[in-house]
Each structure stands twice: as structure tokens, then as C-alpha cells.
Amino acid sequence: MSYRVFVDGHEGTTGLRIHEYLAARPDIELLVIDSDKRKDLAERKRLLNAADVAFLCLPDAAAKEAVALIDNPNTCVIDASTAHRTLPGWAFGLPELHPGQRAAIRATKRIANPGCHASAFILLLRPLVDAGLVPKAARLNANSLTGYSGGGKSMIAQYEAGGDAKLLSPRPYALTLSHKHQPEMAAHTGLVHAPLFQPIVGPFYKGLAVSVPLQLAELGCSAEQLHAALATAYAGEPFIRVLPLRDAPTLDAGFYDVQACNDTNRVDILVLGNDQHAMLMARLDNLGKGASGAAVQSMNVHLGVEESLGL
């Protein structure tokens, strides 16, 4: 069976990567808008309504506009913007979120693709909140180190032009302590409070790692319990690998490889800890499982085809 797919905003970083994933698939017919009609509302509406699946790789306002153009009840929308990630009626596009999430993604025609930082944070915390090891009222801190491709075309061009010494070192950002991923970080973990979140962009193209420190005395549990809950939650998940507790190769190397999941749709989860402290860490390709790969995975789940097809 063949499915018609339209990527609205296919010239951006996420849209281009989705095209790459789908171009070689015999079950996908890509609908492509002429370059001179990219801002033609009538042509966009025609293609959106002609598609079995429409990916929106657009700014928030444009994504809302695109949804309003769709009157075909059979068109499934997968929105990569932040516009719909916490809204009722939209399924969160993270199949591993909890045991019922795949059924929710299959049943709906409105799927909100997660943010890259949020995906890593949620996958670390949701099983621990569900297990009661981390209280819903916990006030958590989180850091994320990401490659510059997460900033889109303008940031990629800035870094690749060279000549700016400031770009040679990691740069913390979102310094107002407000980041667009924070609402979904709370909403989809079950936490009452969004984390105090500090993202940092580094001088490398892609790869992302989120770290969440925990005080074990405050939680009343051990690193072993945290690790066991994560390993149980993700047992059998094709795209999530829970590394051994205090992973020996990582500790022997003395450094954590932020780019180890690049060019995959995989998430690596690591628990480090001693009697007092634990550090939860998750790494992924911010352009893969953090964006385009996650969108294609959700499409596969929705259509009922092999979940890893094309990934």
C-alpha cells in the first residue's frame, strides 16, 4: 500500500531530513510543492488535504495556520513545532512515553512531535515519576549540551562560516531561564513544576545529552532502584538502550560521548551514582530521535507499518 506524504516547510533542517528518510521508501509518495508556490495558501491547502500524512516543519504561528487549512478528516498531521505539544486532542509523538501511547498515536489524526531536549528529559523522568521514585512535586534541575544544528539554518551558517572565536567554546543560552521545551517537560513527565533548565550549544554539528542530578537522600531511594525502574520501563523498546548502572566503558574512558547516538534513532540512557547522588543522562541525535526520526517513527506507528521502517 502507498501513502501520500506532504512536508510543509521541507526546505528547513527537519523537513529536509524527513525527505531523506522517506525518499527511498517504495510505500511513500512524496508530494512536493513548487518552490515559487511555497507561500501560496491555496496550493499548500491543496497538498495538505491531498496527503495521508502531513508533516509541519514550520514556526508555531505558521503551523497553526496550516492546521486551519486542513478540512480532510483523513489527513494525519504531525507537527514539529511547539504549537500543539501540550494541547488536548493532540497525541504526543513519543511512542515510548507509556504503554498506551502507541495506541493513542494510531487512533489520532493530530500528533505533536516532541522537542529534542524534552524527549531526552521525559524519557529519563517519566518512568521514575510513574514508579513513585521521583515525587510529582519534585523541583529538578536539568542541563543539556547540544550541537549547533539544533539552531536551524541560520545558526548552522554562522558556525560553518568560521572566523568567530566565540563559537569555539560551548555557549549557554536561554538565559532568561525560560525555554520553549519546558512546558512539555512538565506536562509529559507528570511533574508539577517545569525543571530549572540550562541548555548549552557546543561547537559540533549534532548530538545532544541531557543530564539530571538527583539527591538520593531527598528521594529516599538508591541509584540501583532508579536504574531498575528505567530498565524495566524500556525493556524491549527498539530505540532505547539502558546502559548498565555506572557503565564501565563510560567510566573507564572518563568522559561521556555526546555524539554516540548520531545517525541513529536511538536513545542511550545512563545512571551514574554513589550513596548520596545520582546523575541521569540521556543522549540522542538531535536531528534524528530529537526531530525528524521521531516524526517518521510516529508516522510508522500511526500507519501500522513496521515502526523502524526507514530508520
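Residues numbered from 1 in each chain as written. Predicted model: local features only at pLDDT ≥ 70, side-chain atom pairs only at ≥ 80, totals over all residues. Heavy atoms only, no water.

A. Inspection of the environment of Asn141 at higher detail. Take Asn141: it is sitting in strand E7 (residues 141-147). Sequence-wise, Asn141 and Val305 are 164 residues apart; in three dimensions their C-alpha atoms are separated by 38 Å. If sequence neighbours within four positions are ignored, Asn141 has contacts with Leu196, Ser211, Val212 and Pro213. (Helix = DSSP H or I, 4+ residues; strand = E, 2+ residues; numbered from the N terminus. Contact = heavy atoms within 4.5 Å.)

B. Structural context of the sheet that holds strand E5 (residues 91-92). Strands sit in the order E2-E1-E3-E4-E6-E5 across an open sheet of 6 strands; the sheet is parallel. In the strand order of this sheet, the two ends are held by strand E2 (28-31) and E5, each with one partner. With 3 bridges joining them, strand E4 (residues 76-79) and strand E6 (residues 110-112) adopt parallel strand pairing. Its bridge partner being in E6, Ile78 is matched across the sheet by Ile111. Along the sheet, helix H2 (residues 41-50) makes contact with strand E1 (3-8), E2 and strand E3 (53-56), crossing E1 at roughly 145°. (Pairing = 2+ DSSP bridges. Axes fitted to C-alpha atoms, helices over the stretch in contact; angles between N-to-C directions.)

C. Seen up close, unusual backbone geometry. Within the chain, Leu177 stands out as a residue other than glycine whose phi angle is a positive 65°. Following the sequence through the fold, Leu177 ends up in the loop between strand E8 (171-172) and helix H7 (182-187). When its relative accessible area of 47% is taken as the criterion, Leu177 is described as partly exposed. With phi around 50°, Arg246 is a residue other than glycine that occupies positive phi space. (Buried < 20%, exposed > 50% of the residue type's maximum accessible area, 1.4 Å probe, protein only.)

D. Just the pairing of E7, in detail. Here E7 pairs with strand E9 (residues 196-202) via 7 bridges, running parallel. Paired with Leu145 across the bridge in E9 is Ile200. Here E7 runs beside strand E10 (residues 208-215); their pairing, made up of 4 bridges, is antiparallel. Across the sheet, Ser144 pairs through a bridge with Val210, a residue of E10.

E. Representation of the sheet that holds strand E13 (residues 277-284) within the structure. The strand order across the open sheet formed by 7 strands is E8-E9-E7-E10-E13-E12-E11, and the pairing between neighbours is mixed. Of all strands in the sheet, those with a lone pairing partner are E8 and strand E11 (240-242), marking the two edges.

F. Layout of the packing of aromatic side chains. Summed over all chains, the structure comprises 2 aromatic pairs. Here the aromatic rings of Tyr148 and Tyr159 are separated by 4.5 Å at their centres, their planes lie at 5°, and the arrangement is stacked. With Tyr148 in the loop between E7 and helix H6 (152-161) and Tyr159 in helix H6, this residue pair connects regions lying 11 residues apart in the sequence. Side by side, Tyr148 and Tyr159 carry an identical accessibility label, which is buried. Note on Tyr148 and Tyr205: the rings are 5.7 Å apart at their centroids and 80° apart in plane angle, and the pair reads as edge-to-face. (Phe/Tyr/Trp six-rings, centres within 6.5 Å; stacked < 30°, edge-to-face > 60°.)

G. Structural view of the packing of helix H1 (residues 13-23) against helix H11 (residues 288-303). It is the contact of H1 with H11, at a shortest axis distance of 10 Å, that shows an interaxial angle of 50°. Put simply, H1 runs oblique to H11. With respect to the hand of their crossing, H1 and H11 are arranged in right-handed fashion. Listed contacts from H11 to Thr13, Thr14, Arg17, Ile18, Tyr21 and Leu22 of H1 are Gly288, Ala291, Ser292, Gly293, Ala295, Val296 and Met299. Here the residues of the contact of H1 with H11 are counted per class, giving 7 nonpolar, 5 polar and 1 charged. (Parallel < 35°, antiparallel > 145°, perpendicular 65-115°, else oblique. Left-handed = near helix turned anticlockwise from the far one by under 90°. Nonpolar A, V, L, I, M, F, W, Y, C, P; charged D, E, K, R; others polar.)

H. The arrangement of the pattern of salt bridges in detail. Summed over the entire model, instances satisfying the criterion amount to 19 salt bridges. With a closest N to O distance of 3.0 Å, Glu96 and Lys289 form a salt bridge. Placement of the pair is Glu96 in the loop between E5 and helix H4 (101-107) and Lys289 in helix H11, with a sequence separation of 193 residues. You'll find Glu96 and Lys289 in the same group, each marked buried. The partner of Arg102 in a salt bridge is Glu307, with the nearest N and O atoms 2.8 Å apart. A residue pair is termed long-range when its members are at least 10 positions apart, and Arg102 in helix H4 and Glu307 in the segment after H11 qualify at 205 residues. Residues joined in a network through salt bridges with shared partners are Arg17, Lys206, Asp263 and Asp285. (Salt bridge = Lys/Arg side-chain N within 4 Å of Asp/Glu carboxyl O.)

I. Layout of the side chain of Glu184. If you trace the backbone, Glu184 turns up in helix H7. Judged by its relative accessible area of 2%, Glu184 falls in the buried class. Apart from the residues within four sequence positions on either side, Glu184 is in contact with Arg85, Thr86, Phe92, Pro114, Gly115, Ala118 and Ile122.

J. Spotlight on the pairing of E3. Residues Val53 and Phe55 line one face of E3 and the alternating positions Ala54 and Leu56 line the opposite face, and both faces are buried. The sheet contact formed by E1 and E3 spans 4 bridges and is parallel. Among the inter-strand pairings, Val5 is bridged to a residue of E3, identified as Val53. Examined bridge by bridge, E3 and E4 share 4 bridges and lie parallel to one another. Pairing of Phe55 across the sheet is with Ile78, part of E4. Handedness of the E3-helix H3 (residues 60-69)-E4 crossover: right-handed. (Right-handed = clockwise from strand over helix to strand, strands pointing away.)

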